[in-house]
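Structural description and commentary
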Amino acid sequence: MTSSAWNLGKPFGAPLHIGGVRLDGRAFLAPMAGVTDPGMRRVASRFGATLTVTEMIAADLYARGDAANRLKAEGAGAGFHVVQIAGRDPYVMAEAARLAQDSGALMIDINMGCPAKKVTSGYAGSHLMRDLGLAVSLIRTTVAAVRIPVTLKMRLGWDGQSLNAPELGRLAEAEGIAMLTVHGRTRCQFYSAKADWTAIGEVKKAVSIPVVANGDCASLADAAAILAQSGADAVMIGRSAIGRPWFVGDVAFYLAHGKARAETPPAKRKGAALEHYETLLELFGPLQGLRHARKHLAAYAERAGVVDGAALRQRLVRLECPSAVRSTLCQLYDSPSLTEAA
Ligand SMILES: Cc1cc2nc3c(=O)[nH]c(=O)nc-3n(C[C@H](O)[C@H](O)[C@H](O)COP(=O)(O)O)c2cc1C
């Protein structure tokens, strides 16, 4: 186990410095393709997420002005807004980073962790952990292209025989990367087994820049444990924030103060879910917005913990009428089983 402020029993109250940027918190919303849309990032930020990362943006499409990718990179209201880019061409990555910076991104994150075959077969995402020469060249051109900090997200390595995250971390730091996020699995594990938090500590030991630990942080106790076991400086939360984007802010508060904040009351959760839904309708239009919202609506129903949650979930994912979705969301969070428990 490596040492960290948390190990010594002190909360992480001190700001975190990333390049020239100061962050007053230690819990980040992870990039998730098809999930961390502008609505989810806005809500997470409003409830205290220290920073929010867009889903992976295809650098080539974004640099060509593709509307869907521009929308994915939208950052209005998303708090400390980080755009994650993915690609394999150093010059295209640099162009995408410049565009994101000019559109308001406060940091750029490079994706070197995506395990999907369609990404790795195009020599992007976690494939770059197998081609450190190309990885360095992408980092170099991207860092040189922008004035804002550039960060990097990766896995432990391609597979159990090539755990080269510490080596990539050292190379990245030498090229000017300002912070590293490590998902404690290899590419070949995809999402199987449990994330190895101790192995993330090998990256922390290898570099001097801040390291963010990621993978399977589902509770406040997990947040303390992932930092204690990895020695990392901050935690990034993905799947556990789906259906409860306020959870990232709960973790930020807990890490800063060493105690849990009061639970978000049902009325505020209802407001958050409605705000998320309205943002999707506004950005994507009624039809596409509703379709996109369904996975979130299902997750809100699953996480609400109400007696009739399963039935409400079924209804929410089938409804075609926006106002019926609104009233069902209200019904979910106004449920007597929830308000009595609160
Ligand atoms: C649906 C989904 C989409 C994801 N998309 C991305 C992505 O676009 N970029 C990225 O770096 N990681 C992506 N990830 C990985 C997450 O950022 C995170 O590393 C992983 O889910 C482990 O963290 P968790 O256990 O907190 O979810 C995705 C994960 C999921 C489940």
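Remember, it's a predicted structure, so these values are computed and weren't measured experimentally. (Residues numbered from 1 in each chain as written. Predicted model: local features only at pLDDT ≥ 70, side-chain atom pairs only at ≥ 80, totals over all residues.)

**Overview of the nonpolar core**
What counts is decided by this rule: We define a nonpolar core as a collection of buried residues of the types Ala, Val, Leu, Ile, Met, Phe, Trp, Tyr and Cys that are connected via C-beta atoms lying within 7 Å of each other. Field definition: a residue is buried when 20 or more other C-beta atoms are found within 10 Å of its C-beta, exposed when 12 or fewer are, and partly exposed for counts in between, with C-beta atoms placed from the backbone. Throughout, the edges of the domains are those of an automatic or database domain assignment. The contact criterion used is a C-beta to C-beta distance within 7 Å, with each C-beta placed from the backbone.
Counting residues in each nonpolar core, the largest one holds 104 residues, and the members touching the most others are I85, A96, V235 and I237. Both of domain 1 (16-257) and domain 2 (266-341) provide at least three residues apiece to this core. The contacts of I237, once residues within four sequence positions are left out, are A27, L29, A30, C217, F247, V248 and V251.

**A closer look at unusual backbone geometry**
Quick reminder of the rule: Counting from the N terminus, the helices are the DSSP runs of H or I reaching at least four residues and the strands are the DSSP runs of E reaching at least two.
You will see that A193, though not glycine, has its phi angle at about 55°, which is positive. Within the secondary structure layout, A193 lies in the loop between strand 9 (179-183) and helix 8 (197-206). The exposure class assigned to A193 is exposed, which follows from the 11 C-beta atoms found within 10 Å. In this model, D216 sits at a positive phi of 65°, which is unusual for a non-glycine residue.

**Here's the deal with the pairing of strand 8 (residues 150-155)**
How we decide: Pairs of strands are assigned from DSSP output, requiring at least two bridges between the strands. Handedness of a crossover is defined as follows: with both strands directed away from the viewer, a clockwise route from the first strand across the helix to the second makes it right-handed.
Across the six residues of strand 8, six count as buried, placing the element largely inside the fold. Residue alternation in strand 8 divides its side chains into two sets, V150, L152 and M154 and T151, K153 and R155, and both sets are buried. As paired strands, strand 7 (residues 107-112) and strand 8 are joined by five bridges and run parallel to one another. Considered in strand 8, the bridge of D109 is made with T151. For the crossover from strand 8 across helix 7 (residues 165-174) to strand 9, the handedness is right-handed.

**Some points on the site of the ligand**
Cut-off, in case you're wondering: Residues are classed as near a molecule or strand if the C-beta position derived from their backbone is within 6 Å of it. Under the scheme applied, nonpolar residues are Ala, Val, Leu, Ile, Met, Phe, Trp, Tyr, Cys and Pro; charged residues are Asp, Glu, Lys and Arg; polar residues are all the others, including Gly.
For the ligand, the set of nearby residues contains 22 residues, the closest of which are A30, M32, M56, G238 and R239. Counted by class, the shell around the ligand contains nine nonpolar, nine polar and four charged residues.

**Structural notes on the domain arrangement of the protein chain**
Domain annotation for the protein chain reports domain 1 (16-257) and domain 2 (266-341). When each unit is reduced to the centre of its C-alpha atoms, the spacing between domain 1 and domain 2 is 28 Å. The partner domain 2 presents twelve residues to the 14 residues of domain 1 that form the contact. Residue composition of the side of domain 1 that touches domain 2, grouped by class: eight nonpolar, two polar and four charged.

**With respect to the packing of helix 6 (residues 132-145) against helix 7**
Going by this rule: All axes are obtained by fitting lines to C-alpha atoms, using only the stretch in contact for helices, and the reported angles, taken between N-to-C directions, cover 0 to 180 degrees. Angles are sorted into four bins: roughly parallel if under 35 degrees, roughly antiparallel if over 145, roughly perpendicular if 65 to 115, and oblique for all others. When the near helix sits turned anticlockwise from the far one by under a right angle, the crossing is termed left-handed; a clockwise turn instead gives a right-handed crossing.
One can describe the packing of helix 6 onto helix 7 by two numbers: an axis separation of 10 Å at closest approach and a directional angle of 30°. Of the possible angle classes, the one that applies to helix 6 and helix 7 is roughly parallel. For helix 6 against helix 7, the interelement crossing comes out right-handed. Facing L132, A135, V136 and I139 of helix 6, the residues of helix 7 in contact are L168, L171 and A172. Considered class by class, the residues forming the contact of helix 6 with helix 7 number seven nonpolar, no polar and no charged.

**Considering the packing of helix 7 against helix 8**
The interhelical angle for the contact between helix 7 and helix 8, taken along N-to-C directions, is 30°, at an axis separation of 8 Å. In terms of orientation, helix 7 and helix 8 fall into the roughly parallel class. Helix-helix and strand crossings are classified by hand; for helix 7 and helix 8 the assignment is right-handed. Contacts between helix 7 and helix 8 involve A165, P166, G169 and R170 from the former and E202, V203 and A206 from the latter. Counted by class, the contact of helix 7 with helix 8 contains four nonpolar, one polar and two charged residues.

**Observations concerning the pairing of strand 9**
A large share of strand 9 lies buried, amounting to five of its five residues. Neither face of strand 9 is open: one carries M179, T181 and H183, the other L180 and V182, and all of them are buried. Note: strand 8 against strand 9, five bridges, orientation parallel. Paired with T151 across the bridge in strand 9 is M179. The pairing of strand 9 with strand 10 (residues 211-214) spans four bridges and is parallel. Across the sheet, residue T181 finds its bridge partner in strand 10, namely V212.

**Looking at helix 4 (residues 90-102)**
Two residues of an α-helix separated by three or four positions point the same way, owing to the 3.6 residues in each turn. Worth spelling out the cut-off: Helices are assigned an expected span. That span is 1.5 Å times one less than the residue count.
Between its first and last C-alpha atoms helix 4 spans 18 Å; for 13 residues at 1.5 Å apiece the expected length is 18 Å, and the two agree. When helix 4 is considered as a whole, its buried residues turn out to be V92, M93, A94, E95, A96, A97, L99 and A100. Contacts made by the buried residues of helix 4 are with strand 5 (57-58), helix 2 (59-63), strand 6 (81-86), strand 7, helix 6 and strand 8.

**Some thoughts on the environment of G243**
Of note, G243 is situated in the loop between strand 11 (234-237) and helix 10 (247-257). Along the primary structure G243 and A299 are separated by 56 residues, whereas in three dimensions their C-alpha atoms are 4.3 Å apart. For G243, the residues in contact, after removing those within four places along its chain, are A299, Y300, E302 and R303.

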